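Listed here are the chains, written in short residue letters.
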Amino acid sequence: MTPQQYVQDKAARSGSSFYYAFLFLPPPRRAAITAFYAFCREVDDVVDEVSDASVAANKLAWWRREVDAAFGGAPTHPVMQALQPIAADFDIRAEHLQAVIDGCQMDLEQSRYLDFPGLARYCHLVAGVVGEVAANIFGRSSDATIAYAHKLGLAMQLTNIIRDVGDDARRGRIYLPMSELKQFDVKAQEILSRSYSERFSALMRFQAERAQRCYDEALALLPEADRQPQKPGLMMANIYRTLLREIEADGFQVLHQRTSLTPIRKLWIAVRTHWRGR
């Protein structure tokens, strides 16, 4: 298996909404985003799949060294062998990849966030930086597009957090800010034991409303000149917003199930966005 085949397989097997947006890119840009996405999946899987925190920390340390080695011209992992030769073409820098690892490191070191600014810092590393790299790969003519990408990354990560409340609770994690649990009189133990209440529903409506505002703010930041090249990001935004609306319509039943869209529906949303351009 070549490095290019490896990253393609990694992206395809993930079933992610991102994969459907990649399909509409010209081959060089598709190769770059696929390799970068495969990197993100590799380091994220360290946290999700390795139960021993010390082992996971060692694996992340290995990835840090591999990033430095790759940008020094000596990649050893197939993901970095696919990404390194084309990184400079799309302004993908070592500090971008190290920031993503920093975000994964936060998952190893804390399972609660006291307030929204603390959560936003985490979202910046695991989603905002990813959005910035993706925007560079898709093509942009304005620095304002970077601000759009960071805000869209925040919106999408907040959607992930809402969707995954139950899954995260099973791992002992709560990404909803503790100050906001207190604001709505929801105890952490209620989430960990997956207990619904009107208070929980109110808390989740608050989270969803903030995520929806972030989508609106992101789209308002996108310059008209970059709307065409940034279509893949708009596809992802529409897929994630549709998912968020599904969760809202279902009454935030996120403690015992993980809401998802079917592959055919994701593809249809991507195609419709491609046609409409928004």
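Structural data are supplied above this passage.
Analysis parameters
- Residues numbered from 1 in each chain as written.
- Predicted model: local features only at pLDDT ≥ 70, side-chain atom pairs only at ≥ 80, totals over all residues.
- Heavy atoms only, no water.
- Helix = DSSP H or I, 4+ residues; strand = E, 2+ residues; numbered from the N terminus.
- Contact = heavy atoms within 4.5 Å.
- Core = buried A, V, L, I, M, F, W, Y, C linked by side-chain atoms within 4.5 Å.
- Buried < 20%, exposed > 50% of the residue type's maximum accessible area, 1.4 Å probe, protein only.
- Expected span 1.5 Å × (residues − 1).
- Arc of directions from axis to C-beta.

**Overview of the side chain of Gln212**
- The topology assignment puts Gln212 in helix H12 (residues 198–221).
- Those residues within four positions of Gln212 in sequence are excluded, and the remaining contacts are Arg241, Leu244, Arg245 and Glu248.

**Some remarks on the nonpolar core**
- Of all hydrophobic cores here, the largest spans 95 residues; its most connected members are Phe36, Phe39, Leu119, Leu158, Leu176 and Ile191.
- The contacts of Ile191, once residues within four sequence positions are left out, are Val165, Ala169, Ile174, Leu176, Leu181, Val186, Phe200 and Leu255.

**Comments concerning helix H4 (residues 53–71)**
- Taking 1.5 Å per residue, 19 residues should reach 27 Å; H4 reaches 27 Å between its end C-alpha atoms and fits that length.
- Inspection of H4 places Ala56, Leu60, Trp63, Glu66, Val67 and Ala70 among the buried residues, and these make up the whole buried set. Along the long axis of H4, the arc covered by the buried residues comes to 115 degrees, so they all point the same way. Of the exposed residues in H4, the ones pointing more than 90 degrees away from its buried face are Asn58 and Arg65.
- Those residues of H4 that are buried are in contact with helix H3 (27–49), helix H5 (78–87) and helix H6 (94–109).
- Remark: Gly73 follows H4 within two positions and exhibits a positive phi of approximately 100 degrees.

Scope: geometric values only; no functional claims are made or implied.
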